[in-house]
Amino acid sequence: MSYKSVIKHQYPLLYAFLRSVKKRIRSVKYYLKSIPTRIKYRGEADLGLLTLAKKHGHFDLDWYNDHQHSAFTSDEQAFADYLHKSMFSNVNPSPAFDTEIYQKCNVDIYHAGINPLAHYLNFGLNEGRISMPASPKWRPSDKLEQQQAISKKTDKKIALCFHIFYEDFIDYYAECLADFPGQVDIFISVSKEGIDTKAQQQLSQLATVNKVVTAIVPNRGRNFGPMLVEFGKQLLNYDLLCHMHSKKSLYSGREQRQWADYLGEYLLKDQAVLKRMLAHFDNDPDCGIYYPTSFWMMPNWVNHWLKNKPHSGRWVTQWGLSLDRDFLAYPVGGMFWARPQALKQLFDADYSYDDFPAEPLPNDGSELHALERCIGLLAEKNGYKQLFYYPPLGAFTHDQSFVLANYVNSADGIANQLAPFTTVSFDVFDTLVRRKYFVPDYAKLKLANYLCEQGKINNPNDFVKQRNNAEFEVRKAKQFIGDVAIDETYQALASTFNWSEQLAAEYAELEFAFDLDMIESKDEMVEIANNLILSGKKVLVVSDTYYSEPQITRMLKKVGLSHGYHLYVSSELGLRKDNGSMWKKLKTQVGPADSFIHVGDNVVADAQIPGDFGLQNMHILNPLDKWQAAGWQNPFVDDGLDEQQIMKWGPLVSNFGRFPFLGE
């Protein structure tokens, strides 16, 4: 008996799965081979595909016009528009097909650059691929009254500022500008000689272009540096500016342009969107900056500060910005339209290339990544509004809640998303357990209050500072390698307060006891973890913490997670999630990367860094993020150790954040 027969008869489910994988690989290979000859969805419809789509109820002209605010008069025109845009945008052709869900559930199709509806009708339907009815993931709350598109060319004085690394983007920009509804001056910075000549020759011939100014620039400052050094103050002489740069990704082993095409379409190419955008700038003097909502295939947490807040000091100080929340609206990718006066401080300063960090830059965590996140904040600081375009509804809006739109979920939804994985790991704090008063340092303050009552110390808040400083000094002595145990911190404090080793150990245990007393369950998450264990999944619990393994075990037991999991605690392993050492180890232990997923609330330690290691993750909202998503201010921003504030607001934040998604 062959190995195929053995698998077929003894493991029928595995055999069926392997056959489905083989079929999927075959269909993708077929499509990849056909790429040179298959239709380029650029203005002409595949009539056979249109017939098939209508037969299955997957294209509806009236519905498409209504949702795109377009006025196509024929199926062919509208279907060609959909086929073109659906290669990079989350537009839908009818109520029966959701482009975004199909792409996200079938990322092999997305990475292969295959049209989603064409694949579904020709292959996916027979393969049993997941397809869902169209359902916009977000609806803006303000529903801006649709601006009448400008009916003639705008007389605004417009500057287009391009930074070009990839030469083929000149062809793309020329195509976009051929029918631009106005006259423009173009400022181009290029990475090497030759590109500037091509740009001059190709773009200056366009009837819509007044002049082309070029500069060959050093590889420093990415897209922002050349714009500010070479052209900054000149841009203040214009009514409007558009900043764009060539962007490609080699993720998945082949060139990916979907993100660049998405931004290019809604910033420079789609004439209908451009005319409506210009109308908004015409009719609303407070409209300061415009860009489409963040690219829909990016991680849920793309609008978070991530590692960049510490690098924002220069801009925050100079411009007087307030960083009161971690999720924010900003032009992800650094491309936008703006009224230059809305960003006056940015363009009015003197710059040299030495003002910007040298290459190579990290993928995240630099002054330039921080500057990108400050653009929208600066416009708002100057009294202007941010304007966004949401493609699935063809809607313009000022509503910034799209930054958290992907955090709508249910307990069943979470369980379904985790079900395909054989190994699931969970963070501890604010993932499986929560603190009654939310504030992590409240246990330290309660210990300090106790010591103050005993006459051991004079000022509780000063004690917490000394305790945290002692922890830092221990980390420093260990050269920030590994982690710190709570006992080590209290032994370090012993010399400061003239404690014995035994007394220091008792106080360390007392701090834990105060914390344990305030630990409560995140009910839905604990139930999901227990159900995964009962279903035979391998469940890990992974924590960056100064508590010991027995202490974390007691916390988990208190919330109802008592057995069946493997515990990884940084203080005992000397490995941490936030520096990647924990993920490096786990990657070697959890089997194939696509069989493992981690769940946690820390955007960097639980999502971004495991992602860097190729590990899948589900980021959930920290209680304070969810609190702010509801529109409420952070009550702990001024003094995190104000006990009255902790007692008043802590339980509200903790209870509101018990379920870590929106849409309960």
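Along each chain, residue indices are assigned from 1 in the same order as the chain's sequence is written. Reporting of local features is limited, given that this is a predicted model, to residues whose pLDDT is at least 70; pairs of side-chain atoms are given and counted only at 80 or more, and all residues count toward the totals for whole chains, interfaces and linings. Calculation of side-chain values draws on the structure's entire complement of heavy atoms; hydrogens and water are dropped beforehand.

1. A closer look at the overall build of the chain
For step 1, the next point in the chain: Looking only at helices and strands, one finds 28 helices and 15 strands in the chain.
For step 2, the next point in the chain: Computed over C-alpha atoms, the radius of gyration of the chain comes to 28 Å, within 12% of the 26 Å expected from 2.2 N^0.38 for 664 residues, which places it in the range of a compact globule.
For step 3, the next point in the chain: Reported as C-alpha extents along the three principal axes, the dimensions of the chain are approximately 85 × 75 × 45 Å.
For step 4, the next point in the chain: By the burial criterion, 54% of the 664 residues in the chain qualify as buried.
For step 5, the next point in the chain: The contact definition used throughout considers only heavy atoms, calling two residues in contact when any of these lie within 4.5 Å. Considering only intrachain contacts with a sequence separation of at least 6, the fraction spanning at least 24 residues in the chain is 76%.
For step 6, the next point in the chain: Methods summary: accessible areas were calculated by the Shrake-Rupley approach with a probe of 1.4 Å, and residue burial reflects only the protein chains presented. Summing over all exposed atoms, the chain offers an accessible surface of approximately 29,000 Å²; the carbon and sulfur share of this is 50%.
For step 7, the next point in the chain: Charge centroids of the chain, computed over 71 positive and 79 negative side chains, lie 6 Å from each other. Elements are defined by DSSP. Helices are runs of H or I of four residues or more, strands are runs of E of two residues or more, and each kind is numbered from the N terminus. C-alpha atoms define the radius of gyration, and 2.2 Å times the number of residues to the power 0.38 defines the globule rule. Summary of the burial criterion: residues with accessible area below 20% of their type's maximum are buried, those above 50% are exposed, and those between are partly exposed, where the area comes from a 1.4 Å probe applied to protein chains only. Lys and Arg are tallied as positive, Asp and Glu as negative. Neither His nor the chain termini are counted. For charged residues, the charge sits on one atom: NZ in Lys, CZ in Arg, CG in Asp, CD in Glu.

2. Some remarks on the packing of helix α17 (residues 411–418) against helix α22 (residues 523–534)
For step 1, the next point in the chain: Note on geometry: axes are lines fitted to C-alpha atoms, helical ones only across the stretch in contact, with angles between N-to-C directions running from 0 to 180 degrees. Interhelical geometry of α17 versus α22 gives an angle of 35° and a closest axis separation of 10 Å. By crossing handedness, the relation of α17 to α22 is classed as right-handed. In this structure, α17 uses Ala 411, Ile 414, Ala 415 and Leu 418 to contact α22, whose residues at the interface are Glu 524, Met 525, Ile 528 and Leu 532. By definition, turning the near helix anticlockwise from the far helix through less than a right angle yields a left-handed crossing, and turning it clockwise yields a right-handed one.

3. Side note on the pattern of salt bridges
For step 1, the next point in the chain: By definition, a salt bridge exists where a carboxyl oxygen of Asp or Glu is found within 4 Å of a side-chain nitrogen of Lys or Arg. Overall, the coordinates contain 34 salt bridges when judged by the stated rule.
For step 2, the next point in the chain: Across the pair Asp 270 and Lys 85 runs a salt bridge, and its minimum N-O distance is 2.6 Å. Pair noted here: Asp 270 is in the loop between α12 (258–269) and α13 (271–283) and Lys 85 is in helix α5 (residues 75–85), with a separation of 185 residues, a long-range link.
For step 3, the next point in the chain: The buried category is assigned to Asp 270, whose relative accessible area is 8%.
For step 4, the next point in the chain: In this structure, the salt-bridge partner of Glu 127 is Arg 129, at a minimum N-O distance of 2.8 Å.
For step 5, the next point in the chain: By relative accessible area, Glu 127 is classed as buried at 15%.
For step 6, the next point in the chain: Arg 129 gets classed as buried once you look at its relative accessible area, which sits at 6%.
For step 7, the next point in the chain: Each member of the salt-bridge network shares a partner with another, and the members are Arg 467, Glu 471, Arg 475, Asp 483, Glu 511, Asp 544, Arg 576 and Asp 578.

4. Side note on the nonpolar core
For step 1, the next point in the chain: We define a nonpolar core as any set of buried Ala, Val, Leu, Ile, Met, Phe, Trp, Tyr and Cys residues linked to one another through side-chain atoms lying within 4.5 Å. Of all hydrophobic cores here, the largest spans 193 residues; its most connected members are Tyr 290, Trp 337 and Phe 426.
For step 2, the next point in the chain: Here this core gets eight residues from one element, more than from any other, and that element is helix α16 (residues 367–381).
For step 3, the next point in the chain: Counting residues in hydrophobic clusters, the runner-up holds twelve residues, among them Leu 586, Phe 596, Val 604 and Ile 609.

5. Some remarks on the pairing of strand β7 (residues 385–390)
On any regular strand, side chains alternate: one points to one face of the sheet, the next to the other face.
For step 1, the next point in the chain: The element β7 is largely enclosed, with a buried count of five among its six residues.
For step 2, the next point in the chain: Relative to β7, strand β5 (residues 287–292) runs parallel, the two sharing five bridges. Paired with Ile 289 across the strands is Gln 386, a residue of β7.
For step 3, the next point in the chain: DSSP calls a pair of strands paired once it identifies at least 2 bridges connecting them. The pairing of β7 with strand β8 (residues 395–397) spans three bridges and is classified as antiparallel. Bridged to Tyr 389 within β8 is Phe 396.
For step 4, the next point in the chain: As consecutive antiparallel partners, β7 and β8 are separated by four residues, and within that stretch Gly 394 has a phi angle of approximately 55°, a positive value.

6. With respect to the confidence of the model for the chain
For step 1, the next point in the chain: In predicted models, pLDDT denotes the confidence assigned by the predictor to each residue on a 0 to 100 scale. Summary statistics for the chain give a mean pLDDT of 91 and a share of 92% for residues scoring 70 or more.
For step 2, the next point in the chain: Confidence drops under pLDDT 50 across residues 1–21; counting only partners more than four residues distant or on other chains, this segment forms eight contacts.

7. Let's talk about the packing of aromatic side chains
For step 1, the next point in the chain: Side-chain rings of Phe, Tyr and Trp, where Trp is taken by its six-membered ring, are said to pair if the distance between their centres is within 6.5 Å; with planes under 30 degrees apart they count as stacked, over 60 as edge-to-face, and otherwise as tilted. In total, this model carries 46 aromatic pairs according to the counting rule given.
For step 2, the next point in the chain: Centroid distance Phe 438 to Phe 636: 6.1 Å. Interplanar angle 20°. Geometry classified as stacked. Placement of the pair is Phe 438 in the loop between β10 (433–435) and α18 (442–453) and Phe 636 in the loop between α27 (623–629) and α28 (643–656), with a sequence separation of 198 residues. Neither residue differs from the other here; Phe 438 and Phe 636 are each classed as buried.
For step 3, the next point in the chain: Consider the rings of Phe 497 and Trp 499, whose centres lie 5.0 Å apart with planes at 15°: the pair is stacked.

8. Quick notes on the environment of Pro 116
For step 1, the next point in the chain: On the secondary structure map, Pro 116 appears in helix α8 (residues 116–127).
For step 2, the next point in the chain: Residue class for Pro 116 comes out buried when judged on its relative accessible area of 0%.
For step 3, the next point in the chain: Apart from the residues within four sequence positions on either side, Pro 116 is in contact with Tyr 82, Ser 86, Phe 97, Thr 99, Tyr 102 and Gln 103.

9. Re the sheet that holds strand β6 (residues 336–338)
For step 1, the next point in the chain: Pairing is mixed in the open sheet, where eight strands are placed in the order β3-β2-β1-β4-β6-β5-β7-β8. Across the chains shown, the open sheet's two edge strands, defined by having one partner strand only, are β3 (209–216) and β8. On average, each strand axis in the sheet is inclined to that of its neighbour by 20°, with strand direction left out of account.
For step 2, the next point in the chain: Summarising the sheet, β5 and β6 pair through two bridges and their orientation is antiparallel. Bridging across to β6, Tyr 290 finds its partner in Trp 337.

10. With respect to α8
For step 1, the next point in the chain: The span one expects for a helix is its residue count, reduced by one, times 1.5 Å. Between its first and last C-alpha atoms α8 spans 14 Å; for twelve residues at 1.5 Å apiece the expected length is 16 Å, and the helix comes up short by more than 12%.
For step 2, the next point in the chain: Counting buried residues along α8, nine of its twelve residues qualify, which places the element largely inside the surrounding structure.
For step 3, the next point in the chain: Listed in full, the buried residues belonging to α8 are Pro 116, Leu 117, Ala 118, His 119, Tyr 120, Leu 121, Phe 123, Gly 124 and Glu 127.
For step 4, the next point in the chain: Regarding α8, its N-cap is Asn 115, as a side-chain oxygen of that residue lies 3.2 Å from the backbone nitrogen of Leu 117 further along.
For step 5, the next point in the chain: With its phi angle positive at about 75°, Gly 128 sits one or two positions after the end of α8. Each polar contact in these results corresponds to two N or O atoms within 3.5 Å; when the atoms are within protein, one needs to be able to donate a hydrogen and the other to accept it, and residues that are neighboring in sequence are counted only if both atoms are side-chain atoms.

11. What about the pairing of strand β13 (residues 565–569)?
For step 1, the next point in the chain: Most of β13 sits out of view: four of its five residues are buried.
For step 2, the next point in the chain: Examined bridge by bridge, strand β12 (residues 538–543) and β13 share five bridges and lie parallel to one another. Opposite Leu 540, over in β13, you have His 566 as the bridge partner.
For step 3, the next point in the chain: A clockwise path from the first strand over the helix to the second, with the strands pointing away from the viewer, defines a right-handed crossover. Running through helix α23 (residues 549–558), the crossover from β12 to the neighbouring parallel element β13 is right-handed.

12. Details of the sheet that holds strand β14 (residues 596–600)
For step 1, the next point in the chain: Taking strand neighbours across the sheet as the criterion, the five strands line up as β13-β12-β9-β14-β15 in an open arrangement whose pairing is parallel. This sheet does not close on itself; its edge strands, each paired only once, are β13 and β15 (616–619). Strand-to-strand, the axes of this sheet are offset by a mean angle of 20°, without reference to chain direction.
For step 2, the next point in the chain: As paired strands, strand β9 (residues 423–426) and β14 are joined by four bridges and run parallel to one another. Note on β14: the bridge partner recorded for Phe 426 is Val 599.
For step 3, the next point in the chain: The strands that α17 touches are β9, β14 and β15; relative to β15, the one it contacts most, it runs at about 175°.
For step 4, the next point in the chain: Across the face of the sheet, α22 comes into contact with β9, β12, β13 and β14 while running at roughly 150° to β9.

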